[in-house]
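Geometric and topological summary
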Amino acid sequence: MAATMAKGTHQYQDDPRNQSIVININGELFAREEAKISVFDSGFILGDGVWEGIRLHQGKLAFIDMHMKRLYDGAKALDMDIGLSQEQLVQRIYDTCKANDMHDGVHIRLMVTRGIKATPYQDPRVTISSATIVIIAEHKKALGLAKGDGVRLFTTHVRRGYPDVQDPKLNTHSKLNCIFACIQAAKAQADEALMLDPHGFVATCNSTHFFIVRDNEVWTSSGDFCLDGITRRNVINVCKEHGIPVFEKNFTLSDVYGADEAFITGTFAGLTPVKEVDGRMIGSGSQTLTKTLEAYYIQRIERDHG
């Protein structure tokens, strides 16, 4: 039987409206084809910046307080002045969505870099402008999976590193280790890479977070070597609210292969079932608790932002 060609975990429905969107650069709106930044920008030259992926759900920015805290914490760690208050930046995002006549089913990429350099060099002291702030809002809905289907993961040799090398908790533009992992998974015809921590325990995926279900318990990594994902945190909180045992802990690939269910989480697609890891089929394919948690997560969005 021929192998199924993987397409990644962020497949979306093409929407022709995205060809005519306007993009916000430093408070000004530009048509898609006119939206440009300088080749001397810190983000382009060095990957020096922080970013967030945010969803607009029924006119509200989902979990925006959590996103803003993570963004501003990351900027502070990088000694970067965003130049706007959180309230001003949130309003700019809403203004961008309004300019595009957007209300629901929208994914927003917010990018903040240190700004323009006098010359291509890493030292922040050669930055000669204020921060560059780009807001790209697109009509974007995830492609649904067929009933009983799920994504395929491949464990990569690329590890999530120690925080004294490059802190994996920072949501920065410097994503080369994740890109290397993604490439290896794609070459193995998998949808996403599963990444281990330096000790060999499961850490996260290259662009999503990873959970397993064993004996009606939900497990995810300790969080020591991954970003504290917004959806990840909300799924953990949902488990606690509904009395579902949930643990942030170290576990190995052997625990994964023998799991009853597995799923990944992310701002773009929410919860997505995992059907296979390294050629091992996960569980019986029922995905019962995963479906329950997905319903609870949607309820949480409705409650907090409806």
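Summary of the structure given here. (Residues numbered from 1 in each chain as written. Predicted model: local features only at pLDDT ≥ 70, side-chain atom pairs only at ≥ 80, totals over all residues. Heavy atoms only, no water.)

**Some details on the nonpolar core**
- Judged by nonpolar contacts, the single largest core of 29 residues is most densely connected at Met68, Leu71, Ile108, Leu110 and Val112.
- Secondary structure elements with two or more residues in this core: β1 (22-25), β3 (49-57), α2 (64-77), α3 (86-99), β5 (106-113) and β6 (132-139).
- Tallying contributions element by element places α2 first for this core, with 5 residues.
- In contact with Met68, not counting residues within four places along its chain, are Ile54, Gln86, Leu89, Val90, Ile93 and Leu110. (Core = buried A, V, L, I, M, F, W, Y, C linked by side-chain atoms within 4.5 Å. Buried < 20%, exposed > 50% of the residue type's maximum accessible area, 1.4 Å probe, protein only. Helix = DSSP H or I, 4+ residues; strand = E, 2+ residues; numbered from the N terminus. Contact = heavy atoms within 4.5 Å.)

**As for a nonpolar patch on the surface**
- Together, Ile37, Val39, Phe40 and Phe44 line one region of the surface with nonpolar side chains, adding up to about 400 Å² of accessible area.
- Tracing the backbone through its elements, the reader meets Ile37 in the loop between β2 (28-31) and α1 (42-46).
- Ile37 sits in the partly exposed class, given a relative accessible area of 44%. (Patch = residues over 30% accessible without salt bridge, like charges linked within 9 Å, V, L, I, M, F, W, Y side chains within 5 Å. Areas by Shrake-Rupley, 256 points an atom, 1.4 Å probe, with all protein chains shown as cover. Salt bridge = Lys/Arg side-chain N within 4 Å of Asp/Glu carboxyl O.)

**Structural notes on the sheet that holds β1**
- Strand order in the open sheet formed by 6 strands is β2-β1-β6-β5-β3-β4, with antiparallel pairing between adjacent strands. A strand with exactly one partner marks an edge of an open sheet, and here the two such strands are β2 and β4 (60-61).
- Pairing analysis gives 8 bridges linking β5 to β6, with the strands arranged antiparallel. Among the inter-strand pairings, Val106 is bridged to a residue of β6, identified as His139. (Pairing = 2+ DSSP bridges.)

**Topic: the pattern of salt bridges**
- This model, assessed by the stated rule, comprises 15 salt bridges.
- Taking the shortest distance from any N to any O, the salt bridge between Glu276 and Arg152 comes out at 3.4 Å. One end of the pair, Glu276, is in strand β14 (residues 270-277); the other, Arg152, is in strand β7 (residues 151-155), and 124 residues separate them in sequence.
- Asp228 serves as the salt-bridge partner of Arg233, at 3.3 Å between the closest nitrogen and oxygen.
- Several salt bridges converge on common partners, so that one network encompasses Asp228, Arg232, Arg233 and Glu248.

**Quick word on α2**
- Its 14 residues place the ends of α2 20 Å apart at the C-alpha level, agreeing with the 20 Å of an ideal helix rising 1.5 Å per residue.
- Among all positions of α2, only Ile64, His67, Met68, Arg70, Leu71, Tyr72, Gly74 and Ala75 are buried.
- Positive phi shows up at Asp79, right after α2, with a value of about 55°. (Expected span 1.5 Å × (residues − 1).)

**Let's talk about the packing of α2 against helix α6 (residues 230-241)**
- Close contact between α2 and α6 brings their axes to 10 Å; oriented N to C, the two are set at 130°. With respect to α6, the element α2 is oriented oblique. For α2 against α6, the interelement crossing comes out right-handed. Here α2 contributes Met66, His67 and Arg70 to the contact with α6, which in turn contributes Ile230, Arg233 and Asn234.
- Considering only residue class, the contact of α2 with α6 consists of 2 nonpolar, 2 polar and 2 charged. (Axes fitted to C-alpha atoms, helices over the stretch in contact; angles between N-to-C directions. Parallel < 35°, antiparallel > 145°, perpendicular 65-115°, else oblique. Left-handed = near helix turned anticlockwise from the far one by under 90°. Nonpolar A, V, L, I, M, F, W, Y, C, P; charged D, E, K, R; others polar.)

**What about the packing of aromatic side chains?**
- Inspection of the entire model under this criterion finds 4 aromatic pairs.
- Geometrically, the ring pair formed by Phe211 and Phe263 is stacked, given 4.8 Å between the ring centres and 5° between the ring planes. Placement of Phe211 in strand β10 (residues 209-214) and of Phe263 in strand β13 (residues 261-266) is noted, with a sequence separation of 52 residues between them.
- Note that Arg109 overlies the ring of Trp51, its terminal NZ or CZ placed 3.9 Å from the centroid.
- Between the NZ or CZ atom of Lys249 and the centre of the ring of Trp219, over which it lies, the distance is 3.7 Å. (Phe/Tyr/Trp six-rings, centres within 6.5 Å; stacked < 30°, edge-to-face > 60°. Lys NZ or Arg CZ within 6 Å of the ring centre and 35° of its normal.)

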